[in-house]
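# Architecture at a glance
The residues making up each chain are set out below.
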Amino acid sequence: MPDNRVVVYKSPGEVAVESIDYPKLELPGDVVEGLGIKKKAPHAAILKIVTTNICGSDQHMVRGRTTAPVGQSLGHEITGEVVEAGEDVLFVNQGDICSVPFNIACGRCRMCNEGKTGICLNVNPARPGAAYGYVDMGGWIGGQAEYVMVPFADFNLLKFPDRDQALEKIRDLTMLSDIFPTGYHGAYTAGVSTGSTVYVAGAGPVGLAAAHAAQLLGASAVIVGDMIPERLGQARSFGCETVDLRNDAPLADMIEQIVGEPEVDAAVDAVGFEARGHGKDAGEQPATVLNDVMGIARAGASLGIPGLYVTGDPGAPDENAKVGQLGVRIGLGWAKSHSMTTGQCPVKQYNRKLMNMILSGKADIAKAVNATTISLDEAPQGYQEFDSGVARKFVIDPHGMAPAA
Ligand SMILES: NC(=O)c1ccc[n+]([C@@H]2O[C@H](COP(=O)([O-])OP(=O)(O)OC[C@H]3O[C@@H](n4cnc5c(N)ncnc54)[C@H](O)[C@@H]3O)[C@@H](O)[C@H]2O)c1
Ligand SMILES: [Zn+2]
Ligand SMILES: [Zn+2]
């Protein structure tokens, strides 16, 4: 039986690749004990991982900004080849190459039946919703690894139609496990449609994916804001306008210079709780982006908030923020009749159609986020570079299966 190796969190700023057991068709202890579900998982499959990406969500843990314990296994953006399917798996087979939504979902509960797979009730005793390799998310083993177990495989796996085509397009298809659907969810729930003017806060991979999604939805102008020039350059490389938030000018003024009025039709927060304030040397101000999007979205707008907010942040700048209580100017949002969509992206609502956009050549997500392939042993370096703010989305290729770019 092959061994397995996985990326684990060691200390703030440090990850390592360590050996762990080869996965079994069994549910994690937390889920079994906490929810009283059978350990044996004939509904699960084991995947040999083709690609698995590093995410800004991993960085929150690796920066020590969550309650993740040392030894937490990492990785929730998984694409893999089925190497073993349990006896209750009917519709995926050995050799199929599949995208794995980062949300783990049972396919059998009330939430799953409503398509709300980000808040499945049967996969995490602590709260609704689970993910691979994430703190407070059910104790599922991470997928920045060689092999991983995927439960409820018929429900969770999205099979690619053709193996050769899948490998050829893998740098795009690997984004279906999280950031492409998540960015799309941000733009879609912000109500972007033909002709919309859109502001996307954050030029990290999720912000760039939201910007590309807004283009696919027909936006007339997509403005991306960040304070990292290289990332803003990446946004411009595929046709976005940008605002540099190191400037002291009010955001509304910078937006007015681009679209002729100091507001937009739709706004997306692709930053989350580690947001920085505007201006040259501003420190962290966790509510900045929430206040920005309420400030510049027109009355009646919807706000897409895929940026992550936590209930426990040991490194928060003040006591309130340590429990996720932020200085949000809700009075302004209320006065403007805003609505907002928060939470995990329900990946399954979007991944099949976005796969079709990739396979038909209509979406260029790998180019938009500058997908960069590395080996599993290079993961620690990938984490460091990503944290330094480079304009890259790191894609780990543990078995050397992805063709050269
Ligand atoms: N909801 C979901 O399902 C989901 C899924 C994936 C990621 N996320 C979250 O989305 C967020 C973005 O992910 P990412 O991988 O792009 O992370 P990232 O850390 O690479 O990017 C965040 C970017 O925001 C910029 N930023 C900081 N303060 C800002 C401000 N005030 N205005 C504008 N930009 C600012 C940073 O410079 C950085 O470039 C993270 O919080 C991540 O956890 C959520
Ligand atoms: Zn992710
Ligand atoms: Zn469920």
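Residues numbered from 1 in each chain as written. Chains lettered and ligands numbered in written order. Predicted model: local features only at pLDDT ≥ 70, side-chain atom pairs only at ≥ 80, totals over all residues. Heavy atoms only, no water.

An unreviewed UniProt entry lists the protein chain under the name Formaldehyde dehydrogenase, glutathione-independent, from Prauserella salsuginis. Reading the Sequence similarities (unreviewed entry) entry of the UniProt record for the protein chain gives the comment "Belongs to the zinc-containing alcohol dehydrogenase family." UniProt annotates the protein chain under Cofactor (unreviewed entry) with the comment "Zn(2+)". (UniProt positions renumbered as here; feature names shortened; annotations may be inferred.)

## Description of the coordination of the zinc ion (ligand 2)
The zinc ion (ligand 2) binds to the protein through Cys55 (SG), His76 (NE2), Glu77 (OE) and Asp178 (OD), with metal-donor distances spanning 1.9 to 2.3 Å. Considering all four donor atoms around the zinc ion (ligand 2), angles at the metal cover 92 to 130 degrees and the coordination shape is tetrahedral. Sequence positions of the donors to the zinc ion (ligand 2) reduce to the motif C-x20-H-E-x100-D. Pair noted here: glutamate 77 is in strand β4 (residues 77–85) and aspartate 178 is in the loop between α6 (170–173) and α7 (179–189), with a separation of 101 residues, a long-range link. For glutamate 77, a relative accessible area of 0% corresponds to the buried category. Assessed through its relative accessible area of 5%, aspartate 178 is described here as buried. (Donors = N, O, S within 2.8 Å, 3.2 Å for Na, K, Ca; no water. Tetrahedral: all angles 85-135°; square planar, octahedral: opposite > 155°, others 65-115°. Helix = DSSP H or I, 4+ residues; strand = E, 2+ residues; numbered from the N terminus. Buried < 20%, exposed > 50% of the residue type's maximum accessible area, 1.4 Å probe, protein only.)

## Remarks on the sheet that holds strand β12 (residues 302–304)
Strand order in the open sheet formed by six strands is β10-β9-β8-β11-β12-β13, and the pairing between neighbours is parallel. Each end of this open sheet is capped by a strand with a single partner; those strands are β10 (241–244) and β13 (339–341). Averaged over all pairs of adjacent strands, the angle between strand axes in this sheet comes to 20 degrees, irrespective of strand direction. With three bridges connecting them, β12 and β13 associate as parallel partners. Residue pairing for β13: leucine 303 is matched across the bridge by methionine 340. Against the sheet, helix α11 (residues 288–296) makes contact with β8 (197–201), β11 (266–269), β12 and β13, and its axis sits at roughly 175 degrees relative to β11, the strand it touches most. (Pairing = 2+ DSSP bridges. Axes fitted to C-alpha atoms, helices over the stretch in contact; angles between N-to-C directions. Contact = heavy atoms within 4.5 Å.)

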